[in-house]
Amino acid sequence: MNEIVAPLAKTGYLGPEINLVFAMLIGVGFGFFLERGGFGSSRKLTAQWFGKDWSVFRVMFSAIVVALFGIVFLDLLGLMPFERLYLNHTYLVPQILGGLMMGAGFVIGGYCPGTSFVGFASGKLDALVYIIGLLLGSVFFGEAYDLFAPIMEMGDMGNITLPEFFGLPALVVGLMVLALAAGGFWAAAKVENLVKDK
Amino acid sequence: MSNKEITAQPYWPNLLAGIGLGLVLLMAYYIAGRGLGGSGAVTRVGAGLLNLVAPEHTGGLEYFSRYIREGKVSLNDWLVFQTIGVFFGGFVAAMTAGRFGKTIEHGPQITAKQRLGWALLGGIIMGIGARIARGCTSGQALSGGATMALGSWVFMLMLFAGGFLAAIFFKRLWL
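The notes below deal with the structure included here. These figures come from a predicted structure and were not determined experimentally.

## Focus on the overall build of chain B
Here is step 1 of the chain: A count of helices and strands for chain B gives nine helices and two strands.
Here is step 2 of the chain: Considering only C-alpha atoms, chain B reaches an extent of 55 × 40 × 35 Å along its principal axes.
Here is step 3 of the chain: Per-residue burial for chain B yields a buried fraction of 58% across its 175 residues.
Here is step 4 of the chain: If you take every contact in chain B between residues at least 6 apart in sequence, the share linking residues at least 24 apart comes to 58%.

And the structure:
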């Protein structure tokens, strides 16, 4: 058995320079699909928050499902061990506060960070101003870090996944996510019709 | 560009765009062992700019000092390259779909100038929020969602809750 084991940049198949070239190519794909999905437009994006257009939800969840099953199957086949992948650490309090803030920031600013790059790349000046805001916000956070530091490690649960938390196999949780997405798509279509009729 | 309404192609169906994005995300894990990011590169560039203006001050900041090696903030970084790619990919997609055009998008109840003010405010809130949560819609929701990180799923839930809640108070901006 001599399979190619991923991630390629961590198993010696790709050097650090080539990894950066791939980073750019992966970014090109990311930006391309975001734009084609309509996410270079703040009006299309924010229609999500008024229930009128659930594209953000549908695109996000179909992307998550595809990547999730890819990751689970590659792990089961031994082609990409899950432990080698970067996993977001769970700090409940900052993730709850940051999530709420970013939901509000999304409505007020019209974009999320990734989509604002695509908005600017398609000529939207509001996206450029939003990006300047992002820069200012990040710098403010760094300047005022003492203010945020006390909450940054609150609710620390370590590197924990949903399968570990629920004590279920990854494939089962994957199927639950798939069911959640399917149910969500069905409900989203209902809500869209309801809002349209109003 | 004045006739872009006539020539612009329709957006792709959600499922098609989503599957494309999902495959790109999977490729990021397969190649680099990590997911996608939106806000990370902005923070690095912010640290770099601040370091240019006030190097001693920046080096003394607990949060930014980690970005500094030998007095400089290196832009030879995975997320920086990925983000340059995002601009390029977005540009190519918009151009080839006939959607590129210098505009300011805004709701019917506010002016373009007002929209810019709100965009700045939203960006600032998002910039701070992304640092608190250690990632944004890309790094937490998409990437953490696909790797089933518990905290990222909590984040995603809160992002949607925050969005729907804020929409009640900021209807005027978009409707």
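## Some details on the overall build of chain A
Here is step 1 of the chain: Tallying secondary structure elements over chain A gives nine helices and two strands in all.
Here is step 2 of the chain: Reading the secondary structure of chain A in the N-to-C direction produces α-α-α-β-α-α-α-α-β-α-α.
Here is step 3 of the chain: Taken along the three principal axes of its C-alpha coordinates, chain A extends 60 × 45 × 35 Å.
Here is step 4 of the chain: In chain A, of all internal contacts separated by at least 6 residues, the share reaching a separation of at least 24 is 65%.

## Some thoughts on the interface of chain B and chain A
Here is step 1 of the chain: Each partner contributes residues to the interface: chain B has 112 residues there, and chain A has 108 residues.
Here is step 2 of the chain: Put simply, the parts of the chain that give the side of chain B that touches chain A at least two residues each are helix H2 (14–32), helix H3 (40–53), helix H5 (62–65), helix H6 (78–96), helix H7 (112–133), helix H8 (137–146) and helix H9 (150–169) of chain B.
Here is step 3 of the chain: By residue class, the composition of the side of chain B that touches chain A is 71 nonpolar, 33 polar and eight charged.

## A few points about unusual backbone geometry
Here is step 1 of the chain: Following A:Ala6, the chain continues to A:Pro7 via a peptide bond in cis, the omega torsion being -5°.
Here is step 2 of the chain: On the secondary structure map, A:Pro7 appears in the segment before helix H1 (16–36).
Here is step 3 of the chain: Even without being glycine, B:Glu70 reaches a positive phi, approximately 50°.
Here is step 4 of the chain: C-beta crowding within 10 Å serves as the criterion here: with 5 such atoms nearby, B:Glu70 is assigned to the exposed category.
Here is step 5 of the chain: Positioned with a positive phi, B:Met148 is a non-glycine residue whose angle comes to about 60°.
Here is step 6 of the chain: Structurally, the position occupied by B:Met148 is in the loop between H8 and H9.
Here is step 7 of the chain: B:Met148 sits in the buried class, given 26 other C-beta atoms within 10 Å.

## Thoughts on the nonpolar core
Here is step 1 of the chain: Counting residues in each nonpolar core, the largest one holds 113 residues, and the members touching the most others are A:Ala63, A:Ile64, A:Ala67, A:Leu68 and B:Leu25.
Here is step 2 of the chain: Apart from residues no more than four positions distant in its own chain, B:Leu25 is found in contact with A:Ala63, A:Ala67, B:Gly35, B:Leu36, B:Leu142, B:Ser143 and B:Ala146.

## With respect to the packing of helix H4 (residues 92–109) of chain A against H9(B)
Here is step 1 of the chain: Where H4(A) meets H9(B), the axes come as close as 7 Å, and the angle between the chain directions of the two elements is 35°. Classified by chirality, the crossing of H9(B) by H4(A) is right-handed.
Here is step 2 of the chain: Residue composition of the contact of H4(A) with H9(B), by class: 18 nonpolar, seven polar and no charged.

## Describing helix H6 (residues 125–143) of chain A
Here is step 1 of the chain: The terminal C-alpha atoms of H6(A), which comprises 19 residues, lie 27 Å apart, in line with the 27 Å expected from a rise of 1.5 Å per residue.
Here is step 2 of the chain: Within H6(A) the residues assigned to the buried category are A:Asp126, A:Ala127, A:Val129, A:Tyr130, A:Ile131, A:Gly133, A:Leu134, A:Gly137, A:Ser138, A:Val139, A:Phe141 and A:Gly142.

## Observations concerning H3(B)
Residues and elements named next belong to chain B.
Here is step 1 of the chain: A rise of 1.5 Å per residue sets the reference length of H3, with its 14 residues, at 20 Å; its end C-alpha atoms lie 20 Å apart and thus fit the reference within 8%.
Here is step 2 of the chain: The buried fraction of H3 amounts to ten of the 14 residues, a majority that puts the element mostly inside the structure.
Here is step 3 of the chain: Buried within H3 are the following residues: Gly40, Ala41, Val42, Thr43, Arg44, Val45, Gly46, Ala47, Leu50 and Asn51.

## Remarks on the packing of H3(B) against H6(B)
All names here are of chain B.
Here is step 1 of the chain: Two elements in contact, H3 and H6, have axes whose closest approach is 8 Å; the angle formed by their N-to-C orientations is 110°. The orientation of H3 with respect to H6, classified from their angle, is roughly perpendicular. For the element pair H3 and H6, the recorded crossing hand is left-handed. Counted together, Gly40, Ala41 and Arg44 of H3 and Leu79, Val80 and Thr83 of H6 form the full contact between these two elements.

## Section: the environment of B:Asp77
Residue and element names in this part refer to chain B.
Here is step 1 of the chain: Position of aspartate 77 relative to the elements: it lies in the loop between strand E2 (72–73) and H6.
Here is step 2 of the chain: The exposure class of aspartate 77 is partly exposed, given the 17 C-beta atoms found within 10 Å.
Here is step 3 of the chain: Between the C-alpha atoms of aspartate 77 and alanine 41, which are 36 residues apart in sequence, the distance is 8.2 Å.

## What about the environment of B:Lys171?
Here is step 1 of the chain: One can find B:Lys171 in the segment after H9.
Here is step 2 of the chain: Judged by the 14 C-beta atoms lying within 10 Å of it, B:Lys171 is partly exposed.

## Structural notes on the environment of A:Leu175
Residues and elements named next belong to chain A.
Here is step 1 of the chain: For leucine 175, the position within the fold is in helix H9 (residues 170–197).
Here is step 2 of the chain: Leucine 175 sits in the partly exposed class, given 14 other C-beta atoms within 10 Å.
Here is step 3 of the chain: Placed 106 residues apart in sequence, leucine 175 and phenylalanine 69 show a C-alpha to C-alpha distance of 8.8 Å.

Analysis parameters
- Residues numbered from 1 in each chain as written.
- Chains lettered and ligands numbered in written order.
- Predicted model: local features only at pLDDT ≥ 70, side-chain atom pairs only at ≥ 80, totals over all residues.
- Helix = DSSP H or I, 4+ residues; strand = E, 2+ residues; numbered from the N terminus.
- Buried ≥ 20, exposed ≤ 12 C-beta atoms within 10 Å, placed from the backbone.
- Contact = placed C-beta atoms within 7 Å.
- Nonpolar A, V, L, I, M, F, W, Y, C, P; charged D, E, K, R; others polar.
- Core = buried A, V, L, I, M, F, W, Y, C linked by C-beta atoms within 7 Å.
- Axes fitted to C-alpha atoms, helices over the stretch in contact; angles between N-to-C directions.
- Left-handed = near helix turned anticlockwise from the far one by under 90°.
- Expected span 1.5 Å × (residues − 1).
- Parallel < 35°, antiparallel > 145°, perpendicular 65-115°, else oblique.

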